[in-house]
Amino acid sequence: MTLERSSRLESGGIDVAQALERVMGNEALLERLLGRFLDDPQYPALCAALERGDMEQAVRAAHTLKGMCGNLSMTELFQLFAAQVEVLRGGDLMAGRALMAQIAPAYERVAAAIRGSAEDGRA
């Protein structure tokens, strides 16, 4: 992975060294997993579940996202989803919704960094 690509991912909130360690240094695998993160339906499912007040689906989606972010060393997102899972499991839908004000921009930063890194790889 080039320094430019790594820097772009780091600036988006991904601890690249830790992520590479988790995949035993396999850069191609990390890149595939990051691409799958972008295509994963859990984030839109979370947004929809919160919108309609479906606590069970919101907990499931937030928990899945927490796990993905942890595995991909997306530290800030992991912490935000962990907090969201906690408040949702506690039955506080409003607090779960309120956390989206922090989650949405953090998610977009990570997604933009992944897309930008993929473009760097094609250049």
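About the thresholds
- Residues numbered from 1 in each chain as written.
- Predicted model: local features only at pLDDT ≥ 70, side-chain atom pairs only at ≥ 80, totals over all residues.
- Heavy atoms only, no water.
- Salt bridge = Lys/Arg side-chain N within 4 Å of Asp/Glu carboxyl O.
- Helix = DSSP H or I, 4+ residues; strand = E, 2+ residues; numbered from the N terminus.
- Buried < 20%, exposed > 50% of the residue type's maximum accessible area, 1.4 Å probe, protein only.
- Core = buried A, V, L, I, M, F, W, Y, C linked by side-chain atoms within 4.5 Å.
- Contact = heavy atoms within 4.5 Å.
- Phe/Tyr/Trp six-rings, centres within 6.5 Å; stacked < 30°, edge-to-face > 60°.
- Expected span 1.5 Å × (residues − 1).
- Polar contact = N/O pair within 3.5 Å; in protein donor to acceptor, adjacent residues only side chain to side chain.

> Break down the pattern of salt bridges for me, with residues and values.
Taken as a whole and assessed by the stated rule, the structure comprises four salt bridges. The partner of Glu 31 in a salt bridge is Arg 5, and the shortest N-O contact between them spans 3.2 Å. Taken together, the positions of Glu 31 in helix H3 (residues 27-39) and Arg 5 in helix H1 (residues 3-12) put the pair 26 residues apart, joining distant regions of the chain. Exposure remark for Glu 31: the relative accessible area of 31% places this residue in the partly exposed category. Of the charged contacts, one joins Glu 56 and Arg 60 as a salt bridge, the two residues approaching to 2.9 Å between their closest N and O atoms. With Glu 56 and Arg 60 both in helix H5 (residues 55-71) and four residues apart, this pair spans about one turn of that helix.

> Provide a residue-level description of the nonpolar core, including the pertinent values.
Core analysis: the largest hydrophobic core is formed by 36 residues, its most contacted members being Phe 37, Leu 46, Met 74 and Leu 77. Counting only elements with at least two residues in this core, the list comes to helix H2 (16-22), H3, helix H4 (42-52), H5, helix H6 (75-89) and helix H8 (100-122). Ignoring any residue separated from it by four or fewer positions in sequence, one finds Phe 37 in contact with Leu 65, Met 68, Cys 69, Leu 72, Met 74, Leu 77, Tyr 107, Val 110 and Ile 114.

> Outline the side chain of Ser 73, supporting the account with residue identities and numerical values.
Inspection of the secondary structure assignment puts Ser 73 in the loop between H5 and H6. Not counting residues within four places of it along the chain, the set of residues in contact with Ser 73 comprises Gly 13, Ile 14, Asp 15, Gln 18, Ala 19 and Arg 22.

> Tell me what's going on with the environment of Leu 33, and back it up with residues and numbers.
Secondary-structure assignment places Leu 33 in helix H3. Exposure remark for Leu 33: the relative accessible area of 26% places this residue in the partly exposed category. Separated by 78 residues in sequence, Leu 33 and Ala 111 have C-alpha atoms that sit 12 Å apart. Every residue in contact with Leu 33, bar those within four places of it in the chain, is listed here: Val 23 and Leu 72.

> Break down the packing of aromatic side chains for me, with residues and values.
Within this structure, the stated rule accounts for two aromatic pairs. Summarising the aromatic geometry, the rings of Phe 37 and Tyr 107 are spaced 5.5 Å apart at their centres and angled 40° between planes, so their arrangement reads as tilted. Of the two residues, Phe 37 is situated in helix H3 and Tyr 107 in helix H8; the sequence distance between them amounts to 70 residues. For Phe 37, a relative accessible area of 2% puts it in the buried group. Looking at Tyr 107, the relative accessible area reads 7%, which means it is buried.

> So, H3: which residues are in play, and what are the values?
The terminal C-alpha atoms of H3 lie 19 Å apart, and with 13 residues this matches the ideal 18 Å at 1.5 Å per residue to within 8%. Two or three places before Ala 28, at the opening of H3, Asn 26 has a side-chain oxygen 3.3 Å from that residue's backbone nitrogen.

> How would you sum up unusual backbone geometry? Please name residues and give values.
Even without a glycine there, the phi angle at Met 24 is positive, about 55°. With respect to the helices and strands, the residue Met 24 is situated in the loop between H2 and H3. Although it is not a glycine, Ser 73 sits at a positive phi angle of roughly 60°. Since its relative accessible area comes to 2%, Ser 73 is described here as buried.

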